[in-house]
Amino acid sequence: MARKINIVEVGPRDGFQNLCDYVPVEEKLRYIDGLADSGIRHMQITSFVSPKAIPQMKDAVDVAREALKSHPDLDLFALVPNLRGAQTAHDIGMKKVTNVISLSESHNKANIRRSHDESFAELAKIREAFPDMDVSVDVATAFGCPFEGKIPTERLVSFLQRAYDLGVREFTLCDTTGMANPAQVREVVHTVREKFPDCVFQAHIHDTRNMGMANTLAAIEAGIDYVQSTLGGLGGCPFAPGASGNTATEDLVNMLNEMGFETGIDLESLVALARDEKEKIPGIYSGHLINIPKSA
């Protein structure tokens, strides 16, 4: 049997979060519906953050409530930066959230205005307050930081150990500004999977330097089965200088399908949705398939 690779679509959150023009709730839900129809089963649909920090996410409660109602069989989750965000997610019935902490303390302070000690204390509060909620950790700048440069893998292992000791068993290794290279990705993934064999690791790779596909494939070859991407390659971190779009979901699915991996996703409907997004929503797009003529 072909190896199954789980595509985790994060476009409804990471793709939309730094757009200047507001995307209405109805449009966000239409894309979530379209992604689900194409076969996507894992999706980060919003972020429970202050609208002062991320204006695009001011409708997080409405988007999450409607998406959960429409797709109760899907793995839908949200990003939460703090206990307050986790409380909101819990109140509307969300069973899974991810808390973001940067491996780089400089980026952590720029992104969520906290030291590492403060962030891990907040994570402990979330774990204690909501024992019935599945809480994972997004490790931002896991492969390098625009402020601190490359960070030794030993520091990543120590960082993961702190979250592990709080009961976290799922992590996303995020290449926040696209600084990684395939050799580094393989080394990091091999190390963390060896150190934490009972944990699930995902990869979230930005395409800033046109290495998103290569780095994502390196993560898969090193044993990761869950990879994150965004429709059309939209997105980027608003608090990390130089962070452009993500790896495009349709390009990633095309590559994996061609290589014989199982994704369970209909590429034709995914590409059609990406083209629709390109026409209707302004932003940064790195996807290539959406620029190929339909007759090709």
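Anyway, here's the lowdown on the structure attached to this text. Only a predicted model underlies this, so the values are computations on that prediction, with no experimental measurement involved.

1. Observations concerning helix H7 (residues 153–164)
Item 1. Taking 1.5 Å per residue as the helical rise, H7 with its 12 residues ought to reach 16 Å, and the 16 Å between its terminal C-alpha atoms agrees with that figure.
Item 2. What H7 keeps buried is the set Thr 153, Leu 156, Val 157, Phe 159, Leu 160, Ala 163 and Tyr 164. Along the axis of H7, the buried residues cluster in a sector spanning 160 degrees; they form a single face.
Item 3. On the buried face of H7, the contacting elements are strand S4 (96–102), helix H6 (116–129), strand S5 (134–140), strand S6 (170–175), helix H8 (182–195) and strand S7 (200–205).

2. Considering the pattern of salt bridges
Item 1. For the structure on display, the rule yields 14 salt bridges.
Item 2. We note a salt bridge from Asp 14 to Arg 13, for which the minimum N-O separation is 3.7 Å. Each member of the pair, Asp 14 as well as Arg 13, is classed as buried.
Item 3. Residues Glu 170 and Lys 96 are paired through a salt bridge, measuring 3.8 Å at the closest nitrogen-oxygen approach. Linking Glu 170 in strand S6 with Lys 96 in strand S4, this pair joins segments that are 74 residues apart in sequence.
Item 4. The class of Lys 96 is buried, set by a relative accessible area of 12%.
Item 5. Through salt bridges with shared partners, a single network forms among Glu 27, Arg 30, Asp 276 and Lys 280.

3. Regarding the sheet that holds strand S3 (residues 75–80)
Through backbone hydrogen bonds, the strands of a sheet pair up, either in parallel or in antiparallel fashion.
Item 1. Around the barrel, which closes on itself, the 8 strands sit in the order S1-S2-S3-S4-S5-S6-S7-S8 with parallel pairing between neighbours. With strand direction ignored, the average angle separating the axes of adjacent strands in the sheet is 25 degrees.
Item 2. The sheet strands contacting helix H3 (residues 60–70) are strand S2 (42–47) and S3, and the helix crosses S2 at an angle near 155 degrees.

4. Focus on the packing of H6 against H7
Describing two packed helices takes the angle between their axes plus the distance from one axis to the other.
Item 1. Packing of H6 against H7 leaves a shortest axis separation of 10 Å and a crossing angle of 30 degrees. Comparing the axis directions of H6 and H7 gives the class roughly parallel. Between H6 and H7, the contacting residues are His 116, Asp 117, Phe 120 and Leu 123 on the first element and Phe 159, Arg 162 and Ala 163 on the second.
Item 2. Split into classes, the residues belonging to the contact of H6 with H7 amount to 4 nonpolar, 1 polar and 2 charged.

5. A word on the pairing of S5
Item 1. In terms of burial, S5 is largely enclosed, as 6 of its 7 residues are buried.
Item 2. Direction of pairing for S4 relative to S5: parallel, over a ladder of 7 bridges. If you follow Thr 98 over to S5, its bridge partner there is Ser 136.

6. Observations concerning the environment of Gly 233
Item 1. Along the chain, the position of Gly 233 falls in the loop between strand S8 (226–229) and helix H10 (249–259).
Item 2. Considering only alpha carbons, one finds Gly 233 and Cys 20, 213 residues apart in sequence, at a separation of 17 Å.

7. A word on the nonpolar core
Item 1. Core analysis: the largest hydrophobic core is formed by 88 residues, its most contacted members being Phe 48, Val 139, Leu 160, Phe 171, Leu 173 and Phe 201.
Item 2. Beyond its immediate stretch of four places on either side in the chain, Phe 171 contacts Val 137, Val 139, Leu 160, Ala 163, Tyr 164, Cys 199, Val 200, Phe 201 and Gln 202.

8. Things to note about unusual backbone geometry
Item 1. At Arg 113, a position not held by glycine, the phi torsion is positive, near 60 degrees.
Item 2. When you line up the elements, Arg 113 lands in the loop between helix H5 (105–112) and H6.
Item 3. In the Ramachandran plot, Thr 141 falls in the positive-phi region, its phi being about 55 degrees despite a non-glycine side chain.
Item 4. On the secondary structure map, Thr 141 appears in the loop between S5 and H7.

Thresholds, definitions, all that
- Residues numbered from 1 in each chain as written.
- Predicted model: local features only at pLDDT ≥ 70, side-chain atom pairs only at ≥ 80, totals over all residues.
- Heavy atoms only, no water.
- Helix = DSSP H or I, 4+ residues; strand = E, 2+ residues; numbered from the N terminus.
- Expected span 1.5 Å × (residues − 1).
- Buried < 20%, exposed > 50% of the residue type's maximum accessible area, 1.4 Å probe, protein only.
- Arc of directions from axis to C-beta.
- Contact = heavy atoms within 4.5 Å.
- Salt bridge = Lys/Arg side-chain N within 4 Å of Asp/Glu carboxyl O.
- Pairing = 2+ DSSP bridges.
- Axes fitted to C-alpha atoms, helices over the stretch in contact; angles between N-to-C directions.
- Parallel < 35°, antiparallel > 145°, perpendicular 65-115°, else oblique.
- Nonpolar A, V, L, I, M, F, W, Y, C, P; charged D, E, K, R; others polar.
- Core = buried A, V, L, I, M, F, W, Y, C linked by side-chain atoms within 4.5 Å.

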